[in-house]
Amino acid sequence: MDSIKRIEEFLDNYNQELDSQQVAIRLSRLDKLMDTFENIQVKVIIKDQLLTRHDVKSRRTETSISSNSVSEPRSVNYVLFGSVSTEIRSRLEEVPIECLILRNITTSLPAVTIPKNNCFIPEGIDLADPDYNVSRRIDLIIGAEHFYTFLKGDRMNLGESSPTLVESVFGWLVSGKSSYAPIPHPPLCHISTLESLDRNIEKFWRIEEVDTKVLSPIKQHCENFYKSTVSRDPSGRYVVEYPKKDGFSHMLGESYTSAVRRLEGLERKLERNELLKERYHTFMSEFVNLGHMREISLDEEASSVAYFLPVVKEASMTTKVRGVFDASAKTSTGYSLNDGLLIGPVLQDELYLIILRFRRYKVVLLADIEKMYRMVRIHPDDQPLQCVLFRFSKVAPITKYVLTTVTYGLSPSSFLATRTLHQLAEDEGSSYPLAADALK
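**Quick word on the overall build of the protein chain**
Okay, so step 1: On a plain count of helices and strands, the protein chain comes out with 11 helices and 15 strands.
Okay, so step 2: Of all 440 residues assigned to the protein chain, the portion counted as buried reaches 31%.
Okay, so step 3: Considering only intrachain contacts with a sequence separation of at least 6, the fraction spanning at least 24 residues in the protein chain is 65%.
Okay, so step 4: Of the roughly 28,900 Å² of accessible surface on the protein chain, 54% is carried by carbon and sulfur atoms.

As structure tokens, then:
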């Protein structure tokens, strides 16, 4: 019940701006802790199984084992579970020994179970392990400190591609090759490497770090450019400029010819579908009537127009028709308008933060800002960068228009529209605090 009360208290005092990122961080940390818990659980099970099976008790030890790692030029420390004093018992003899406990020492040996008829063992030989041919889990590796003291002098070679018998205090050991190899298996090296404690602690602190967004120099330039150029017209609408790359004035070439070809191709498509043509003309008429597109005057036409945006259609069975302006169309120099513009930073929330917000409430309200991009005006100096060609009748002359608002299809449009929402929240937030929180 206390946990439920704490959760309810947290939700009551939840602040989206301050706490949403912390919630995401703690969920990530919880996932890591669950993984760590599962690993610890596995280690404890392995340790308990080993000690229970052999009826021995472990004791705490401060000893560590180090070895040179093949993959990295550094020393690898092994994590120990403790140590035990026990005896190695065979059918013939028992020997006291001190052991260190690791999570894992090697894979099962032999790699596969070998038929006994594949190895001829002479009669009268007392084997240390009568089931030497069965692939089983390895519980103990004897170090060089003891290994050679367990061996006796005799050995028997059973032939080419056959194992060798070595006499030991436990009985005869079966070691070496076998001609039985039904499946290929990799060679084994009896080393178990685990990440050291200091590296695990380092990872833990990395998880705890607050993920703060640091803008790259180019994206920071876009932010500074926006702040220095944004303004508001007498009606209160925001006026922005497109951030441009160095050398932009020399990038764009002639684009009128390709824009005419694209318009003629669009007209041929619309002629084959009268309903689509009518809906498309309605869309373009709305552009003109709302003042989002205006005809170029004679004075403007006499000046050098920078770029003509080809107009393409976009529609499906479930969405209304709208025009899309192709700012990636190449000019005579090989560069397009998008090639010369900076994209700007992504200002929208990460997807996981949006999903977290959805999980906080039983009911979710969605809203849409209609014609969001077109609510932001483009500075008159940049309007020549978004000229279009269109006509409402195939027999009428082609008319040159210029788009006056932020246009969908240009690289920085998403940044400019979203950044303007944030600017609106900053400028008018004191009068409309609830709306400002929603915009941010």
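Moving on, there is more to tell.
**Overview of the environment of Pro310**
Okay, so step 1: You can see Pro310 is positioned in the loop between helix H8 (298–302) and strand S11 (311–314).
Okay, so step 2: Spatially, the C-alpha atoms of Pro310 and Ala329 are 7.3 Å apart, while their sequence positions differ by 19 residues.

**Observations concerning the pattern of salt bridges**
Okay, so step 1: Counted under the stated rule, the structure contains 14 salt bridges.
Okay, so step 2: The salt bridge partner of Arg357 is Asp349, with a shortest N-O separation of 2.8 Å.
Okay, so step 3: When its relative accessible area of 25% is taken as the criterion, Arg357 is described as partly exposed.
Okay, so step 4: For Asp349, a relative accessible area of 32% translates into the label partly exposed.
Okay, so step 5: In this structure, the salt-bridge partner of Lys371 is Glu370, at a minimum N-O distance of 2.9 Å.

**Some remarks on the sheet that holds strand S6 (residues 163–168)**
Okay, so step 1: Ordered by their spatial adjacency, three strands build an open sheet running S5-S6-S7, and the pairing between neighbours is antiparallel. The sheet is open, and its two edges are formed by strand S5 (151–157) and strand S7 (171–176), each paired on a single side. The sheet shows a mean angle of 25° between the axes of neighbouring strands, direction not considered.
Okay, so step 2: As judged from the four bridges shared by S5 and S6, these two strands associate in the antiparallel manner. Its bridge partner being in S6, Asn157 is matched across the sheet by Thr164.

**So, the nonpolar core**
Okay, so step 1: Tyr280, Leu309, Leu337 and Val388 are the most contacted members of the largest nonpolar core, which has 44 residues in total.
Okay, so step 2: Those elements that provide at least two residues to this core are helix H5 (217–229), strand S9 (238–240), helix H6 (256–271), helix H7 (274–289), strand S14 (387–390), strand S15 (399–403) and helix H10 (413–428).
Okay, so step 3: Grouped together as the second largest cluster of nonpolar side chains are nine residues, Ile88, Val95, Cys99 and Phe170 included.

**Some thoughts on a positive patch on the surface**
Okay, so step 1: A cluster of basic side chains, namely Arg268, Lys269, Arg272 and Lys394, defines a positive patch on the protein surface.
Okay, so step 2: Mapped onto the secondary structure, Lys269 falls in helix H6.
Okay, so step 3: Overall, the relative accessible area of 46% leaves Lys269 in the partly exposed class.

**Description of the packing of aromatic side chains**
Okay, so step 1: Across all of its chains, the model carries eight aromatic pairs by this definition.
Okay, so step 2: When the ring of Tyr256 is compared with that of Phe308, the centres are 5.2 Å apart and the planes differ by 80°; the resulting orientation is edge-to-face. You can see Tyr256 sitting in helix H6 and its partner Phe308 sitting in the loop between H8 and S11, a full 52 residues away along the chain.
Okay, so step 3: Its relative accessible area of 32% is what places Tyr256 among the partly exposed residues.
Okay, so step 4: Among the aromatic residues, ring-to-ring pairing joins Tyr280, Phe283, Phe287, Phe325, Phe390 and Phe392 into one connected group.
Okay, so step 5: Here the basic side chain of Arg374 rests over the ring of Phe287, its NZ or CZ set 4.0 Å away from the ring centre.

The rules behind each value
- Residues numbered from 1 in each chain as written.
- Predicted model: local features only at pLDDT ≥ 70, side-chain atom pairs only at ≥ 80, totals over all residues.
- Heavy atoms only, no water.
- Helix = DSSP H or I, 4+ residues; strand = E, 2+ residues; numbered from the N terminus.
- Buried < 20%, exposed > 50% of the residue type's maximum accessible area, 1.4 Å probe, protein only.
- Contact = heavy atoms within 4.5 Å.
- Areas by Shrake-Rupley, 256 points an atom, 1.4 Å probe, with all protein chains shown as cover.
- Salt bridge = Lys/Arg side-chain N within 4 Å of Asp/Glu carboxyl O.
- Pairing = 2+ DSSP bridges.
- Axes fitted to C-alpha atoms, helices over the stretch in contact; angles between N-to-C directions.
- Core = buried A, V, L, I, M, F, W, Y, C linked by side-chain atoms within 4.5 Å.
- Patch = residues over 30% accessible without salt bridge, like charges linked within 9 Å, V, L, I, M, F, W, Y side chains within 5 Å.
- Lys, Arg positive; Asp, Glu negative; His and termini not counted.
- Charge placed at Lys NZ, Arg CZ, Asp CG, Glu CD.
- Phe/Tyr/Trp six-rings, centres within 6.5 Å; stacked < 30°, edge-to-face > 60°.
- Lys NZ or Arg CZ within 6 Å of the ring centre and 35° of its normal.

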